[in-house]
Amino acid sequence: MSLSLPPPGTDGDIRLIRTSLPLLRESPDDCPHGNALRARPFVRQAPPRSRRTPFEEFALGPVMKALDSIEHDETELESALAQLRRNPKNHAGHVDWVDSAIRSYLSARAAHEARRHALGHPATLPVRTQWTAIAWRNSPDSRGATRYERTAWGRRYASADGSERELWLLSVNSVKSDRPAAEIAEAASVMVNGVPSRSAPREVFRPVADHVRPKRVRIIGLGCGSGEHKVLADWDADEADRQFTAHAKPALARVVEDGRLTPGSSCVRCEGLMGCGLPHRTPGILGVPGPRRPRARRSVSATDLRVHSLCPAQFHLTRVLHLKSGTPESLPIRRGRAVDEWLNLRHEEGCCRNAPLPDLLPGLTASELPTALAMLSQHRRACPLDGLPTAERVRVQPRLTAYDPELDVVLIADPDLLYTRAGGWIWHETKTAAKRPWEGRALMETYPQLAFAVLMMSAGVLDGDPRRSLIELEVLYENGSRCEEIDPGDPDTQAEARRIIAALAGPWAVDETYLPRPDDHCKGCDALAHCAVGRAHVETR
């Protein structure tokens, strides 16, 4: 669809286009229209929405704040950490992670500078001001813009004479190795062409100092969780300009002009959601009251609700901040992922009944492979796409989205497989298990994502004839499989699904403390390394 700005439900000035590195990733999960709107920072939802959060929700935010204090204000490390601990907006587990992340960063940075010194290269020093590539014109162009600003968020360093610039791109866990060429090229271009500048909220970036155009730029990626770092680009200025022209410039043009709608998790940050025709509106779908005080828009999935019910602290640290422990995943998790990935690839081509089994599966050892292959064999014997007419539609792991305007919550679901049959939609979930499940426990209690699916289908998130729609659960284990069907149109089923989801969503919707809930799950928790309560529980077991 064509891009029309500002969209309904918003207000503001479209004359500034400001781009950042994440926009260059062009993720298929992002909404192109939402990204184009993000590039207009002066366009906001009208009337304004709440942006209050009980805790910091950007994992790297406190890391950057502490490093600013250390590198620019010469604050001692322990003093900077103490300041973070005193801030009530920082969750205790988050601060614990930030402590290790900062130490990892400073260690990597010192090692990098030591290697450069040993090779006879000049030292690089911290740069406080932002580097911004700025262009402007007297009258609006075809996009309605009179000013363009290109930014590159990260830790900035430069040699004393300004001939070299360095940008460290931080990621939360490990080094982000899949940054697209356009993102790397844009970062390098901003370093070469950016002027030292500052900005306040709702203001443009303004140059603050003279500068020399650097002759060489380096981009270094660092994983704050692992402490590993890697040089992603080391180019002279001419090469940076060539890379920008080849990769970043066409991507930027696409990003700021694309008007297609792809609802998903990016709806949470979109200023145009209230006036958008998507996602499907489902007021009151969770069946719970909202928080007593307004708060920023959120997304929620069945997995989010399940993790929160297990431990609110784990939910905040792993589902909101996306922190991972770095410890090896368990065999059931790795096996389940390997089976899912193989099935997804085969289902993109249709029925997998006659597809040959693989000789290996990513993430599994030779001794772990036979059980996974046995599970795949069980699925192939009864692949749901077997015999499906070619006229039917098949979607593999599609992202389904709904919006509850009463709670200001975006609901997210990722079915393993969706396909039409005789005018209705079939929502198919595949799970792996070590043994036969559901002994004495209701199906939707065991798998809350099924209850979530019932609510979304009964609310009309999918088109098609609801009388012909169905939810299937296929459980694969080494020596067999089991498939259950759920009718999302059955009133009793809907009532049970509402009860299950409301019981999970009620505490989640109002929680503003995210306290640990220690139990047997602590031992395998991804957040254990940064949860003092969980560690104490494990040590006393």
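Up top is the structure.
Attention here is on the structure that accompanies the text.

**With respect to the overall build of the protein**
Then, in step 1: When its secondary structure is counted, the protein shows 14 helices and 21 strands.
Then, in step 2: Computed over the C-alpha atoms, the radius of gyration of the protein is 25 Å, within 12% of the 24 Å expected from 2.2 N^0.38 for a compact globule of 541 residues.
Then, in step 3: Within the protein, buried positions represent 51% of all 541 residues.
Then, in step 4: Within the protein, residue pairs in contact and separated by at least 24 positions form 72% of the contacts whose partners lie at least 6 positions apart.
Then, in step 5: Total accessible area on the protein stands at roughly 25700 Å², and carbon and sulfur atoms take up 51% of it.
Then, in step 6: Of the side chains in the protein, 73 bear a positive and 70 a negative charge, and the two mean positions are spaced by 3 Å.

**Considering the pairing of strand β12 (residues 229-236)**
Then, in step 1: The pairing of strand β11 (residues 216-223) with β12 spans seven bridges and is classified as antiparallel. Note on β12: the bridge partner recorded for G221 is K230.
Then, in step 2: Two successive antiparallel strands, β11 and β12, enclose a turn made up of five residues, where G227 displays a positive phi of approximately 80 degrees.

**A short note on the packing of helix α7 (residues 302-310) against helix α13 (residues 491-510)**
Then, in step 1: Orientation of α7 relative to α13, taken along the N-to-C sense of each, is 70 degrees, at an axis distance of 9 Å. One finds that α7 runs roughly perpendicular with respect to α13. The element α7 and its partner α13 pack so that their crossing is left-handed. On the side of α7, the interface is formed by L305, H308 and S309, while α13 contributes I501, L504, A505, P507 and W508.
Then, in step 2: Residues that form the contact of α7 with α13 fall into these classes: six nonpolar, two polar and no charged.

**Remarks on the sheet that holds strand β10 (residues 206-207)**
Then, in step 1: Strands sit in the order β2-β6-β5-β9-β10 across an open sheet of five strands; the sheet is mixed. The outermost strands of the open sheet, each flanked by one partner alone, are β2 (16-19) and β10.
Then, in step 2: In this structure, strand β5 (residues 130-136) lies alongside strand β6 (residues 147-151), joined through five bridges in antiparallel fashion. Within β6, the residue paired with T132 across the bridge is T151.

**Section: the nonpolar core**
Then, in step 1: With 45 residues, the main nonpolar core has L286, W427 and F452 as its most contacted residues.
Then, in step 2: Mapped onto this core, the elements with two or more residues apiece are α7, β16 (400-404), β17 (409-413), β19 (424-432), α11 (443-446), α12 (448-458), β20 (470-477) and α13.
Then, in step 3: Leaving out residues up to four positions away in the same chain, L286 has contacts with V300, D404, L407, L411, F452, I501, A502, A505 and W508.
Then, in step 4: By size, the runner-up hydrophobic cluster in this structure holds 30 residues, among which are A59, L60, L84 and L321.

**Remarks on the environment of E478**
Then, in step 1: Within the fold, E478 resides in the loop between β20 and β21 (480-486).
Then, in step 2: A residue is classified by how much of its surface remains accessible, and E478, at 38% relative accessible area, is partly exposed.
Then, in step 3: For the pair E478 and I412, spaced 66 residues apart in the sequence, the C-alpha separation amounts to 31 Å.

**Observations concerning the pattern of salt bridges**
Then, in step 1: If you walk through the whole model with that rule in mind, you get 43 salt bridges.
Then, in step 2: Taking the shortest distance from any N to any O, the salt bridge between R147 and E149 comes out at 2.8 Å.
Then, in step 3: When its relative accessible area of 1% is taken as the criterion, E149 is described as buried.
Then, in step 4: Salt-bridge contacts for E164 lead to R218; the nearest nitrogen and oxygen are separated by 2.9 Å. Taken together, the positions of E164 in strand β8 (residues 164-171) and R218 in strand β11 put the pair 54 residues apart, joining distant regions of the chain. Here E164 and R218 have matching classes, each one buried.

**Thoughts on the sheet that holds strand β15 (residues 394-396)**
Whether parallel or antiparallel, the strands of a sheet pair through hydrogen bonds between backbone atoms.
Then, in step 1: Read from one edge to the other, the open sheet built from five strands follows the order β15-β18-β19-β20-β21, with strand pairing classed as mixed. The sheet terminates laterally at β15 and β21, the two strands that pair on one side only. Ignoring which end each strand starts from, the neighbouring axes of this sheet average 20 degrees apart.
Then, in step 2: Two elements, β20 and β21, share seven bridges in a ladder whose sense is antiparallel. Residue pairing across strands places L473 opposite E484, the latter belonging to β21.

**Comments concerning the side chain of N90**
Then, in step 1: The topology assignment puts N90 in the loop between α3 (77-86) and α4 (92-118).
Then, in step 2: Discounting residues that sit within four places of it in the chain, N90 has contacts with F55, E56, P62, L84 and V95.

**Considerations on helix α8 (residues 312-320)**
Then, in step 1: By the criterion of burial, α8 is predominantly enclosed, with seven of the nine residues buried.
Then, in step 2: Along α8, the residues that are buried comprise P312, A313, Q314, F315, H316, L317 and T318.
Then, in step 3: Buried residues along α8 sit against α4, α7 and α13.

Criteria and cut-off values
- Residues numbered from 1 in each chain as written.
- Predicted model: local features only at pLDDT ≥ 70, side-chain atom pairs only at ≥ 80, totals over all residues.
- Heavy atoms only, no water.
- Helix = DSSP H or I, 4+ residues; strand = E, 2+ residues; numbered from the N terminus.
- Rg over C-alpha atoms; globule rule 2.2 N^0.38 Å.
- Buried < 20%, exposed > 50% of the residue type's maximum accessible area, 1.4 Å probe, protein only.
- Contact = heavy atoms within 4.5 Å.
- Areas by Shrake-Rupley, 256 points an atom, 1.4 Å probe, with all protein chains shown as cover.
- Lys, Arg positive; Asp, Glu negative; His and termini not counted.
- Charge placed at Lys NZ, Arg CZ, Asp CG, Glu CD.
- Pairing = 2+ DSSP bridges.
- Axes fitted to C-alpha atoms, helices over the stretch in contact; angles between N-to-C directions.
- Parallel < 35°, antiparallel > 145°, perpendicular 65-115°, else oblique.
- Left-handed = near helix turned anticlockwise from the far one by under 90°.
- Nonpolar A, V, L, I, M, F, W, Y, C, P; charged D, E, K, R; others polar.
- Core = buried A, V, L, I, M, F, W, Y, C linked by side-chain atoms within 4.5 Å.
- Salt bridge = Lys/Arg side-chain N within 4 Å of Asp/Glu carboxyl O.

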